[in-house]
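Below are the chains, spelled out letter by letter.
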Amino acid sequence: MKLVVCLGNVPDTTTKVKFGDDGTAFDKTGVQWIINPWDELALTRAMELKEDAGNAVSSVTLITVGPKEAEPTMRKALAIGADDAIRVNAEPTDAYTVASQLAGVIKEKGFDLVMCGIESSDYNGAAVGSMVAEFLELPSVSAVSGMSIAGEEVEMTRDIDGGKEIVSVQTPFVAVVQKGITKEPRIPAMRGIMMARKKPLAVVEPTQVDALTDFTKFELPQPKAPCKMVDPENVAELVEFLQNEAKVL
Amino acid sequence: MAVLVYTENWDGKFKKLSFELVSYASKVAEMLGTTISAVSIGNVDDDELAKLGNYGASKVVKVEGDGYSSLDSQVFTNIIAQAAEKEGAKVVILSHNNNGKALAPRLSVKLKAALGSALVELPVSVEPFVVSKKVFSGKAAGNVALNTEVKVLTLAQNSFEVVESGGNAAIEAFTPEVGEVKTIVKDVQKQTGKILLNDAEVVVSGGRGMKSADNWGSIEELADLLGAATACSRPVSDEGWRPHEEHTGQTGKIIAPNLYIAAGISGAIQHLAGVSSSKCLVAINTDADAPIFEAADYGIVGDAMKILPDFINAVKEAKAK
């Protein structure tokens, strides 16, 4: 079974975000880039499935849509253990174009199981994985928090409002994963980092797809009022504030 | 050029989120000078369907069947897309909950409709169609132009007031082409009697400052007293003190309750990304310099394990009055 993990390259979570060009574009100056945290969970679970010999996963491939600057993040993901990587040489403009590019490569190369994180920490669209599935006309299961493979069938735990479902789907399909899919994201080891340098990272040119959306303006939030401190000896005062001032109790 | 809203049901019933969604759709329809139709999938009584009229739906398109109690993303996408075409919908609105996140992106591709997701307010304008959304996990907001004739929107939970309009909805049965079900459901495990984190208006949450899983009694007692859901920070779910479904934060649940009480949570940026949309945030922490106090509206510097019992007593006294 050939697995593919779609990987986003995003600013480090602790980045202080700034916008240039009159607030119309994200300012990338000085930004550290990381693997999108949800995709890192997907990659970690993909590696666990591959290592479990019983599952007969033959390979784990990464695909990223991004410029050359995304490659250090991709190398980090190769260091975590993926076998090879493909970069679609395009600026990720919106979820629709990214998903269309990913679907194009996935269709051409042929994979059995596509894994994507449910959301990305930059534009928080929660869209790419399920869009890829629709482009490929494949089934998709979203909010996946557990996954195991038995033959051609993949069994998953899916979070629903108010509980969980155990579902199974025949490959090929797209699994959109979230928290719970693995315990903790993997950190590359030295040996992995050395090996990653030699792993194949192919670059393919994008197909022509027009974005359906564009960001016209960004704004930083208004500074909020300072926190009102309550004496720890007088918790009753807090309850009074919540009842009569904030009116939330 | 109607607005179509997908109203999911839970065992044949709607909940507050459904009415929020229809109320929101009703305002969007007003901006566009059109009406709203709701689409319902699965077995829901006409009395229940009729409730949607009270929030502004002028029509409910029902697609009944026994096979719709669990989501198959392709089947549901097919149904909603056909309902959208039938109703001539220019805007299709879903919740940004688990099912909405599974369906909206597929609909966007199928209808070649621009997607505006996780919205917390009405569109900025409809001509051109521009929505505002949070980006960088809540660190900024961005205006997004949706440049297609048809648009798909998802609305974040608990971000829009329920508005009763007192209207009536016509109910119409619809039998679309559905395609084959590919998602086989083997088991369903539902939590019963618990308030769901995403639905909760009040949330009591514990962090590492609670020291161990054994100390959750006071969190649960306060939650019971306030009719609240319980939540936790990431280290707590990573340690296995609480289940991962309770983890609020960047990679966990993103919630927007009216009141969020953070006990023994320092407020790492990843945690704040999940709770910063709370309308009122209370922080209890031993460290006066903890970042949680920068995000909080009310704070107490002190040991959460000592403060929570006092908090519980104070609420009981206030309730007794």
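Structure's up top.
A quick note: this is a predicted structure, and the numbers were derived from the prediction, not measured.

A.B. asks: Explain the nonpolar core here, please?
C.D. replies: If you look at soluble globular proteins, the nonpolar side chains tend to sit buried side by side. With 89 residues, the main nonpolar core has Ile106(A), Ile80(B), Val92(B), Ile93(B), Leu94(B) and Leu153(B) as its most contacted residues. Discounting residues that sit within four places of it in the chain, Leu153(B) has contacts with Tyr24(B), Val91(B), Val92(B), Ile93(B), Leu94(B), Gly116(B), Leu119(B), Phe129(B), Val131(B) and Leu146(B). In this structure, Leu78(A), Ile149(A), Phe173(A) and Ala196(A) belong to the second largest nonpolar core, which totals 37 residues.

A.B. asks: Any chance you could explain the interface of chain B and chain A here in plain terms?
C.D. replies: Interfaces are often described in size by the accessible area the parts lose on coming together. Across the contact, 82 residues belong to chain B and 81 residues belong to chain A. Summing both partners gives a buried area of about 6800 Å² for chain B against chain A, and 58% of it is carried by carbon and sulfur. Run the count over chain B and chain A and you get six salt bridges. A salt bridge links Asp238(B) to Lys179(A); its shortest N-O distance comes to 3.2 Å. For the pair chain B and chain A, the interface holds 41 residue pairs in polar contact (both at pLDDT 80 or more). Tallying contributions element by element places helix 4 (residues 98-110) of chain B first for the side of chain B that touches chain A, with eight residues. Partitioning the side of chain B that touches chain A into residue classes produces 39 nonpolar, 25 polar and 18 charged. Pairing analysis gives six bridges linking strand 14 (residues 213-219) of chain A to strand 8 (residues 140-146) of chain B, with the strands arranged antiparallel. Residue pairing for strand 8 of chain B: Lys217(A) is matched across the bridge by Asn143(B).

A.B. asks: Where do I start with the sheet that holds strand 6 (residues 125-126) of chain B in this structure?
C.D. replies: Adjacent strands of a sheet form backbone hydrogen bonds with each other and so pair up, either parallel or antiparallel. Strand order in the open sheet made by the four strands is 14(A)-8(B)-7(B)-6(B), with antiparallel pairing throughout. Looking at the sheet topology across the chains shown, the edges are occupied by strand 14 of chain A together with strand 6 of chain B. Bridge analysis of strand 6 of chain B against strand 7 (residues 129-135) of chain B gives two bridges, and the strand direction is antiparallel. What sits directly across from Ser125(B), in strand 7 of chain B, is Val130(B).

A.B. asks: Teacher, can you tell me more about the sheet that holds strand 10 (residues 170-173) of chain B here?
C.D. replies: All names here are of chain B. Strand order across the open sheet formed by seven strands is 5-9-4-1-2-3-10, with parallel pairing between neighbours. Every interior strand has two partners, whereas the edge strands, strand 5 (114-119) and strand 10, have only one. For this sheet, the mean angle separating the axes of adjacent strands, direction not counted, is 20°. Sheet topology note: the strand 2 (residues 36-41)/strand 3 (residues 57-63) ladder contains six bridges and is parallel. Paired with Ala-38 across the bridge in strand 3 is Val-60. Across the sheet, helix 1 (residues 16-32) touches strand 1 (3-6), strand 2, strand 3, strand 4 (91-95), strand 5 and strand 9 (151-155), and the angle it forms with strand 4 is around 160°.

A.B. asks: I would appreciate a short explanation of the pairing of strand 15 (residues 280-285) of chain B in the present structure.
C.D. replies: Every regular strand shows the same layout, with side chains that alternate between the two sheet faces. Residue and element names in this part refer to chain B. Among the six residues in strand 15, six count as buried, and that is most of the element. Going residue by residue along strand 15, you find Cys-280, Val-282 and Ile-284 tucked away on one face and Leu-281, Ala-283 and Asn-285 tucked away on the opposite face as well. One ladder, built from five bridges, connects strand 14 (residues 259-263) with strand 15; its direction is parallel. Bridging across to strand 15, Ile-261 finds its partner in Val-282. Sheet topology note: the strand 15/strand 16 (residues 298-301) ladder contains four bridges and is parallel. By the bridge assignment for strand 16, Ala-283 is matched with Gly-299.

A.B. asks: Would you mind going over the packing of helix 3 (residues 73-87) of chain B against helix 4 of chain B with me for this structure?
C.D. replies: Relative orientation and spacing of two packed helices are given, respectively, by the angle between their axes and the distance between those axes. All names here are of chain B. Interaxial distance between helix 3 and helix 4 falls to 9 Å at its minimum, and their mutual angle equals 55°. With respect to their mutual orientation, helix 3 and helix 4 come out oblique. By crossing handedness, the relation of helix 3 to helix 4 is classed as right-handed. Here Ser-73, Gln-74, Phe-76, Thr-77, Asn-78, Ile-80 and Ala-81 of helix 3 lie close against helix 4, whose contacting residues are Ala-102, Leu-103, Arg-106, Leu-107 and Lys-110. Split into classes, the residues belonging to the contact of helix 3 with helix 4 amount to six nonpolar, four polar and two charged.

A.B. asks: Please explain the environment of Ile187(A) as it appears in this structure.
C.D. replies: Relative to the elements of secondary structure, Ile187(A) occurs in the loop between strand 12 (173-177) and helix 5 (190-196). The spatial distance from the C-alpha of Ile187(A) to the C-alpha of Glu40(A) is 9.6 Å, given a sequence separation of 147 residues.

The rules behind the values
Residues numbered from 1 in each chain as written. Chains lettered and ligands numbered in written order. Predicted model: local features only at pLDDT ≥ 70, side-chain atom pairs only at ≥ 80, totals over all residues. Heavy atoms only, no water. Core = buried A, V, L, I, M, F, W, Y, C linked by side-chain atoms within 4.5 Å. Buried < 20%, exposed > 50% of the residue type's maximum accessible area, 1.4 Å probe, protein only. Contact = heavy atoms within 4.5 Å. Buried area = accessible area lost by both parts, 1.4 Å probe. Salt bridge = Lys/Arg side-chain N within 4 Å of Asp/Glu carboxyl O. Polar contact = N/O pair within 3.5 Å; in protein donor to acceptor, adjacent residues only side chain to side chain. Helix = DSSP H or I, 4+ residues; strand = E, 2+ residues; numbered from the N terminus. Nonpolar A, V, L, I, M, F, W, Y, C, P; charged D, E, K, R; others polar. Pairing = 2+ DSSP bridges. Axes fitted to C-alpha atoms, helices over the stretch in contact; angles between N-to-C directions. Parallel < 35°, antiparallel > 145°, perpendicular 65-115°, else oblique. Left-handed = near helix turned anticlockwise from the far one by under 90°.

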